[in-house]
Every structure is written in structure tokens, then in C-alpha cells.
Amino acid sequence: MENFCLTSEQISVIVHSGNGETVSVCRIADPLRTNWVAPESGWGRVDGFRVRDIQWREDSVVVTAVDGSRNLNMIVEKRVDGAFYEEIYRIVNRGDLEFFLTRENFAFHYPFNCHLAPRPELLRDVCVSHIWCGGENSWIHSEKPAGDEPALTGILAEGSLADYSIDYDASRTRNGSHYRGEFLLHPEERILEPGETLTFRFLWSFGTSRPDRELLAQRGQRIFVRADSLTVLPGEVVRGVLKTAYPWETLRIHSGGEGAVRYRKNGCSADWECCFSSPGERTIRFTAGECSTWIRVNVLEDSETILRRRAAFIAEKQQYHRPGSHLDGACLIYDRTTGRMFCDEAFRDSNAARERLSMGCILALEMQRRPTPKLKGALQAFRAYLERELLDLSTMTVYDGPCHASRVRAYDYPWMAFFYLEYAEAMAEPEALLTAAGIMGSYYRIVEKTAQDSPCIEDVRLVRALEKNGYYESANALRKAALQHADAVLQRGTSMYSEEVSYTQAQFALKVISLCQAFQLSGDRRYLEILPVFLRSVEAFGGEQPDFHCFGQGVRYWDLYWFGKMKTYGDTMPQWLSSCTGEMFLLCGEVLNDPALTAFGRAILRNALCVYAPDGFASAGFLMPYRIRIFNSKQGEEKPFFPLGTVYGRRYDDWANDQDWTLCFAAARHL
């Protein structure tokens, strides 16, 4: 039997005739006819239900299913009407006992076509999805990476969602950074009484509006809440907007007993504000009519306090001391569950180099502000370690591990240069600037061959520091090399495949960083002409959910395997590379004279600081989904980089590892 086809002038949907699952969602005007559903997947599947019947009724596909063990029946209706693809799920309790619906026993499966393996049409034949399970204000917004075509938005027009999980089939990919997995949407937990019906209605459509920026009432969105800054200091005001179609007299706002929320009607919306007196994570709940949603706010101490505590923690607990050891003076991973340092040279992202160089930068940034003999000793020991184990001063070669490990990695060079830039000021040793400049010169000689552009470029500050101290020859050489690289960026455009990850938000952001700094170094506005193209992709990869963990943070879903103790894939928000997007927006605000971009960049960076604990510990990242399940559907196929099993999220990782570049960006800018 042929599959069912639901079409209009705007949208085309194909439903499998054997299992009732949606196998294709396409935009009619899309020249590539991109399918937004992952191939060979189960869009619309609900755990525990077995399909009994599939029928075509007038203009709809109707699927009847049953969960016999729980005495549940389900009827699913799917139809296309104009611009909308509508899905209605009705779950009926046919038993004599209540059904206790939880995240563990109920989920809707939505596998999106997010597979970023390198290929020519990658920017236009897949999507990047942003999820918000925020009660009645729940949605999925999916963009093509190019960011210049209509996006697919799914609004929960009836029902309520509380969380999401990810099923990750390792057989679908060779590289864990290319495949994001399948989304499982969890309703809010509740009790379904005998005979009671629970209804969920999704409205899917293509368009240019985003549900994280405005109320899409015409698409079924019933309530909208936004705050442009979700991380604030104690006593600092959180301001936002609320829109709803419900009568204003039904509006209720709850902030957990602290920080009264005030609001003022402004036409069809309301401006609201509140503040909190002490640090901590807060949830503010908004109710209008029968709809309820929430935002999550973080109240943090100022970045100077975070820097002071973090530097003390590093000097006390993350710097290794053993005379005669190759690791003497190195800054290493710290495991807060064991209270011990950790290093593994066989697993490079756990070694004594790479992103761990940021800890030396933290020590130097703190030394500039509040020098102590302990900090001075820690910095001197770290520099001695670098020049003994990682850096060949005669050739300005940076090695990827101690003992001058043979592998050279372009990413490491700007990280090392950042340290010497900050060390020069911290220790009043301006000659260290020449080392930083030499390292960057080596970086620009190899970067074009490696496809490993770094996000930690500080060319402008370094050139200015060199000129201030009379090192004009080095300053001019660095300026020339940086501009040559920017010219190569312009020539490549959006063709930027990497051996590790084919496309990420960070790859676009670091290109913009290089171009903005090239403009600052030259005054040549041609470096700014391509920025709108890159910024469209940056925004496509970035969600603006009303939660400080993920607002403005890029979609990253592999970092806690490589850098976390969890050793799992799954949405990591925040992860430090998202903070370079904040740095990018700050730079764009400067060169384009746009205060809105500056404010957005500041908000992104402040949100990413949530990984810092009051005792100075810093987590490698926050695992955003409720649960991650990694499995391999192909028996006998060995997948060494995919640990199978289930990991629960909504928590910070227990390793302090790579995350300190976030604080470096914030401290360097005195945010």
C-alpha cells in the first residue's frame, strides 16, 4: 500500500501507511525539497503504543493505537490545511485505575534531520533545532544552517510539555559531533483518571518568525515570555515582556516568594520586572487564562568575585606540584566527586595542554588585579612548565602535550599566546609580548592548512600592547599576518569544513571575530561586508529560550563526551565555545556601532558564567536534556567512541576541565 500524502501549496507531508509515522515534511517552494524528518526514523511515535489501524478519513490520516499493559488508547489525526501541518494526539485511560504519567513512561518522538557530516549542500539540506518545553508555551524551532530560508516551527497549541530527552543511535554516524540524535518530548507529569482524555495538538508551519522572539498567535502560540537578560547581579533588575491572547485580569506571576514581579500593560503586551537580593537560580512562573509557562533566571555574583575565587581554586587544587615530573607546574582536570586532579595523555582532551591553558590565563588575569605571592609562584611555575614541555621558544612551535608531544594542533597556538599576553601585564614583563607575537606568527603560518581556526584570537589587544612597549616590528608583522588570514576567510566564505566538526555556531563566530579584528587593525570596511551572511548562520545555530542555561548558547551536543566526566553525547548548554559567540556579538557591536548587539553579547557571556560555583569550582558544562540514551541498533558493529547506556541530565558535570575560556573572555572585558 502506498504511503499517505498530505499537501497544500505551502507544505507537503508523507505518512507511512504501515505504522502511521510521519516520514517526510517538506516546504513546497524549497528548491532542494529538503526533508526535515531524519531518514528511517519514527516521527510521532509514542512509547508503549502498538498501531492497530490506519485510515484515510476525508482530508486526514487517522491512526489508532493501544498500550495494552497500561489500558491506554490513542487516536492520532494528521492533516494539512493551507500553511499548517496539524497533529492531534488523544490519549484515553480505558482502565479502572489512574495512570501516573511521568517522564519515564511517556514521550513523543521527534527525529529531525540534523546530521552535519561534510557534503556540498550541508548549509541547506539539514536543520538545526531549538527546543523549549515550557508548559503551555512549548515549541520546536528548526532552521537551515544557512539561516536565509523559512524555518520550520512547531507550536504546542494544546497540552503542556515539561522536558525533553534524546535517543542517540550510534550506528547513524561515524563522528559523534555530526549527529544530534532523536528528540523525546515529555508532557508535564500528571495523573490521568479512568475515562479521562488527554489531548496534545501540534501546529507545524514554515515561516520567518521565531517563537523565542515574538508571540506567534496565528500559529497557535498562546503565551509568550521573554527577558533579554537572564543572568543578573543581586539587586539588579530583570526586565522582560509578556504577550498573551488571554484577558489581562487572568494574569498571575509567581517568583517563589522572593522578588515581587511588577508589570505594566503596554497595548497588547505587558512589560514586567523583578529583582533578587541574593545569588541563586530562580524560576518565575507566568499564568494567563488556562496557560502556564516559566522562565529560569540566574542571580550571580560579579565576575570579579568569580575570578578571585576561581584563581584561588586553581592555585590550590588544580596545579600539579612534583619536582622532576614532566607535569610539574601544569594545571589539570579536577574531579569534585573525588577531590583529586586527573590527567590522561592517551585521551587528548584530558591531557595537560589544550583547553587547560585557560587556567594559566585565569591566574594571570587575577594577578593583574589582586597580586599575591601565591599567585606569583603559581604563574612562574606554569610558565616554566610551558617552556619546558609545550613550547619550543626557538621555533615558536606549540605542542599538543608535554615532552614536546609530536602532534601539532593549530587550536593550541592562540591559547598559548593569550597566556603570554596576560602574563606580560600580570608580571610587568613586556618581553613576554614578543613570545605571544611569535606564537601567533607560527599560528598564521599553519592555520590555513589545518582547518582549525581558533576562537581565542586577541590580535588587536596584542598589537596595541606591542606598540605601547615599542615593539613596532613585531606589531607590524602580526598585523600583516592577521590581515592575510582575514583575506583567506573572505575568499573561502562559507566553505569551512573541519576535520572534527563540519559546521557549528562557533565556526561562524570565530570567522566573524577574525574579520572584526581585521577591520579594527586596518580600517578596511570590506572585512565587514560578509558579516550579515555569517551572522545569519550564527543566529540559526543559536536558540533564545527563556532559560539562562541555553539563551544565546549555540547547539553543542558532543562536548561532555570529550571534556566531561559524564562521557556522554547530548545538548551541552552552556559549553565554553558558546561564550565566544558572546565575544563575537560584543565585537560586532563595537565595529558596527550597534548597542543591541553589544547587549546581546554581554547577556550570552553572563549566562555562560553559570558553570562557576561559589567555592571556585567550575563545571565543564550543563547537560540540558532530562535523559540521554545511547544505543547501537546494528548488532556486531563496534563503535569505540560511543559509550552505550543511559545518563540523566539537568545537571552540571563533575569535572573542571575546559570551561575557563568563558571567564577569560568576561574578565578581559571587565564584564
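Position numbers for residues count from 1 along each chain, tracking the sequence in the order it is written. Per-residue local features of the predicted model are confined to residues with pLDDT of at least 70, and side-chain atom pairs are confined, for both listing and counting, to 80 or more; whole-chain, interface and lining totals are unaffected and use all residues. The side-chain numbers reported here are obtained from all heavy atoms of the structure, hydrogens and water having been left aside.

Moving on to the overall build of the chain. Of the regular secondary structure elements, the chain holds 13 helices and 33 strands. Over its C-alpha atoms the chain spans a radius of gyration of 26 Å, differing by no more than 12% from the 26 Å that the globule rule assigns to 671 residues. Dimensions of the chain, computed from the C-alpha atoms along their principal axes, are close to 80 × 55 × 50 Å. Categorising residues by exposure relies on relative accessible area from a 1.4 Å probe, with only protein chains included: less than 20% of the type maximum marks a residue as buried, more than 50% marks it as exposed, and the intermediate range marks it as partly exposed. Evaluated residue by residue, the chain yields a buried proportion of 63% over its 671 residues. Long-range contacts, defined as pairs at least 24 residues apart, comprise 65% of the intrachain contacts of the chain with a sequence gap of at least 6. Computed with a 1.4 Å probe, the accessible areas rest on the Shrake-Rupley method; for each residue, only the protein chains presented here act as cover. Of the roughly 25,100 Å² that the chain leaves accessible, carbon and sulfur atoms contribute 49%. In this tally, Asp and Glu contribute negative charge and Lys and Arg positive charge; neither His nor the terminal groups of the chain are included. Where a charge sits is defined by one atom per residue type, namely NZ (Lys), CZ (Arg), CG (Asp) or CD (Glu). Charge separation in the chain, taken as the distance between the mean sites of 76 positive and 88 negative side-chain charges, equals 2 Å. In this description a helix means any DSSP run of H or I spanning at least four residues, a strand means any run of E spanning at least two, and both kinds are numbered starting from the N terminus. Radius of gyration here is computed from C-alpha atoms only, and the compact-globule reference equals 2.2 Å multiplied by the residue count raised to the power 0.38. Whether two residues are in contact is decided by their heavy atoms, any of which lying within 4.5 Å being enough.

What follows covers unusual backbone geometry. A cis geometry characterises the amide bond from Met 573 onward to Pro 574, with omega recorded as 0 degrees. Tracing the backbone through its elements, the reader meets Pro 574 in the loop between helix 10 (559-562) and helix 11 (576-592). A positive phi angle, near 55 degrees, is found at Ala 428, a position not held by glycine. Inspection of the secondary structure assignment puts Ala 428 in the loop between helix 4 (412-426) and helix 5 (432-450). Residue Ala 428 is classed as exposed on the basis of its relative accessible area of 63%. One non-glycine residue, His 670, adopts positive backbone phi at about 55 degrees.

Attention now goes to the sheet that holds strand 1 (residues 4-7). The pairing criterion for strands is at least two bridges between them, as found by DSSP. Strand order in this open sheet of 3 strands is 1-2-3, and the pairing throughout is antiparallel. Edge strands, defined here as strands with exactly one partner in the open sheet, are strand 1 and strand 3 (22-27). The mean inter-strand angle of the sheet, taken between neighbouring strand axes irrespective of direction, is 15 degrees. Where strand 1 lies against strand 2 (residues 11-15), 4 bridges are found, and the strand directions are antiparallel. Directly across from Thr 7, in strand 2, lies its bridge partner Ser 12. In this analysis, axes come from line fits to C-alpha atoms, helices being fitted only over the stretch in contact, and the angle between any two N-to-C directions falls in the range 0 to 180 degrees.

One turn of an α-helix holds 3.6 residues; hence residues three or four places apart share an orientation. The end-to-end C-alpha separation of helix 7 (residues 472-492) is 30 Å, in line with the 30 Å expected for 21 residues at 1.5 Å each. One or two residues past the end of helix 7 sits Gly 493, with phi positive at roughly 60 degrees. The span one expects for a helix is its residue count, reduced by one, times 1.5 Å.

Our next topic: the packing of aromatic side chains. Any two of the Phe, Tyr and Trp rings considered here, Trp counted by its six-membered ring, make a pair once their centres fall within 6.5 Å; the pair's planes then place it as stacked at under 30 degrees, edge-to-face at over 60, or tilted in between. Counted under the stated rule, the structure contains 48 aromatic pairs. When the ring of Trp 415 is compared with that of Trp 576, the centres are 6.3 Å apart and the planes differ by 65 degrees; the resulting orientation is edge-to-face. Residue Trp 415 is found in helix 4, and its partner Trp 576 is found in helix 11; the two are separated by 161 residues along the sequence. For the residue pair Trp 415 and Trp 576, the accessibility class agrees, reading buried in each case. Ring centres of Phe 508 and Phe 534 lie 6.3 Å apart, and the angle between their planes is 55 degrees; this geometry places the pair in the tilted category.

Attention now goes to the packing of helix 7 against helix 8 (residues 505-522). Across the interface, helix 7 lies against helix 8 with an axial gap of 9 Å and an inter-helix angle of 130 degrees. Considering their axes alone, helix 7 and helix 8 lie oblique with respect to each other. Helix-helix and strand crossings are classified by hand; for helix 7 and helix 8 the assignment is left-handed. Two secondary-structure elements touch here, helix 7 through Arg 479, Ala 482, Leu 483, His 485, Ala 486, Val 489, Leu 490 and Arg 492 and helix 8 through Lys 511, Ser 514, Leu 515, Ala 518, Leu 521 and Ser 522. Throughout this entry, Asp, Glu, Lys and Arg are counted as charged residues, while Ala, Val, Leu, Ile, Met, Phe, Trp, Tyr, Cys and Pro are counted as nonpolar. The remaining residues, Gly among them, count as polar. In terms of residue class, the contact of helix 7 with helix 8 is made up of 8 nonpolar, 3 polar and 3 charged. Here roughly perpendicular refers to angles of 65 to 115 degrees, roughly parallel to angles under 35, roughly antiparallel to angles over 145, and oblique to all remaining angles. Each crossing gets its handedness from the near helix: less than a right angle anticlockwise from the far helix is left-handed, clockwise is right-handed.

Direction of pairing for strand 4 (residues 50-57) relative to strand 5 (residues 60-67): antiparallel, over a ladder of 7 bridges. When the bridges of strand 5 are listed, Val 51 appears paired with Ala 65.

Our next topic: helix 11. The terminal C-alpha atoms of helix 11 lie 25 Å apart, and with 17 residues this matches the ideal 24 Å at 1.5 Å per residue to within 8%. Of all 17 residues that make up helix 11, 15 are buried, and the element is covered over most of its length. Polar contacts, as counted here, are pairs of nitrogen or oxygen atoms within 3.5 Å of one another; within protein the pair requires one atom able to donate a hydrogen and one able to accept it, and residues that are adjacent in sequence qualify only if both atoms are side-chain atoms. Near the N-terminus of helix 11, the side chain that reaches the backbone nitrogen of Leu 577, with its oxygen 2.9 Å away, is that of Gln 575. Looking at the residues trailing helix 11, positive phi occurs at Asn 593, about 55 degrees.

What follows deals with the nonpolar core. Residues Tyr 89, Leu 185, Phe 202, Trp 272 and Ile 284 are the most contacted members of the largest nonpolar core, which totals 210 residues. If you tally residues by element for this core, the top one is helix 4, at 11 residues. Throughout, nonpolar core names a set of buried Ala, Val, Leu, Ile, Met, Phe, Trp, Tyr and Cys residues whose side chains join them through atoms within 4.5 Å.

Along the chain, Phe 202 falls in strand 16 (residues 197-207). Not counting residues up to four positions away in its chain, the partners in contact with Phe 202 are Tyr 85, Glu 86, Glu 87, Tyr 89, Phe 108, Tyr 110, Ile 155, Leu 156, Leu 161 and Leu 185.

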